[in-house]
Amino acid sequence: MSINLIVSQGRVGDKTQQTIKGALLTAKALEKKYGVKARSIGKFYTPENDDWSVSLPQARETLNELKQAVESSIQKQGLTLLASNTCSASLASLPVVAKHHPDALLLWIDAHGDFNTPETSSTGYLGGMVLSAVCGVWDSGHGSGVRSEQVVLVGAHDIDYKERELLRQSGVRIIPPKEVNSEAVLEAVGNSKIWIHIDWDVMDPGCIPADYQVSGGLLLEQIQEVFSALPKNQILGIELAEFHVPTDEKSTTKAISNILDIIAPILE
């Protein structure tokens, strides 16, 4: 299997420097293990605690470059592997996937729904409105095209009230953490081509550090079981998002090892 590795190094709503560093360390570990070379994308800006109306325009150049990189990867075929700093980077990738593979199923593996809009969000955080944008609920300026009925939220368990209603109205399926296993995910997938997005906050705290972790997440064995069961010939691409690098080397090494172990069934 050929791997087209992309790493997002431009700010797309990042609130800390640690997620940008996390994407880079993830890419370096993948380069070393699989003998590939990452294509680095993005323009650096200092992370801020700002609103989507500020962070989205700032990220335009990075998002446009990411679109081009994903487009190139899909045209080359092989497996697209994106190490991204934030879920917001998917504003660029997913409309491209939808254009080339309109019937692909999106496994959005995340503790959160990311289905808020500028009108429903209580925080204004861009990362919390990504999925709704690519499903066309609001216009990010970077396209949409993902059909909401083709989206499966895996492991989501921290969802706002208004967001949950939007998810229900849009027909997005949700598999909560306690129900996540290979049988449930394979039933949802069927024979569809698959694009996988995983935000590491879906894991139970202590496995892989992320910015917005909440208790009650997936266990290492759960996600490994799911990834081991997925048919490799149906997988188009994988996005690995939101690894927040710890302050000590031992924890960082452990987290990267866990990331590699989790995705190994797909890449090997």
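Everything below is about the structure shown above.
Residues numbered from 1 in each chain as written. Predicted model: local features only at pLDDT ≥ 70, side-chain atom pairs only at ≥ 80, totals over all residues. Heavy atoms only, no water.

A. Spatial organisation of the packing of aromatic side chains. In this structure the tally under the stated criterion is two aromatic pairs. Centre to centre, the rings of Y125 and Y212 are 5.3 Å apart; their planes meet at 50°, and the pair counts as tilted. Here the residue Y125 occupies a position in the loop between strand 4 (105-109) and helix 5 (130-134), and Y212 occupies one in the loop between strand 7 (194-199) and helix 8 (220-229), the gap between them amounting to 87 residues. Residue classification places Y212 among the partly exposed residues on the basis of a relative accessible area of 27%. (Phe/Tyr/Trp six-rings, centres within 6.5 Å; stacked < 30°, edge-to-face > 60°. Helix = DSSP H or I, 4+ residues; strand = E, 2+ residues; numbered from the N terminus. Buried < 20%, exposed > 50% of the residue type's maximum accessible area, 1.4 Å probe, protein only.)

B. How the structure looks around empty space enclosed by the protein. Scanning the model with the defined rule gives one cavity of 30 Å³ or more in all. Considering only enclosed or pocket space, the largest cavity measures out at about 100 Å³ in volume. What lines the largest cavity is a set of 13 residues, among which V97, A98, H101, A104 and V146 lie closest to the centre. Among the secondary structure elements, those contributing two or more residues to the lining of the largest cavity are helix 4 (90-100) and strand 4. No other element matches helix 4, which puts three residues into the lining of the largest cavity. Grouping the amino acids of the lining of the largest cavity by side-chain chemistry returns nine nonpolar, three polar and one charged. (1 Å grid on protein atoms, 1.4 Å probe; cavity = no way out; pocket = protein on both sides within 12 Å on 5 of 7 lines; lining within 4 Å. Points joined across faces, edges and corners; volume = space filled by probe spheres on them. Nonpolar A, V, L, I, M, F, W, Y, C, P; charged D, E, K, R; others polar.)

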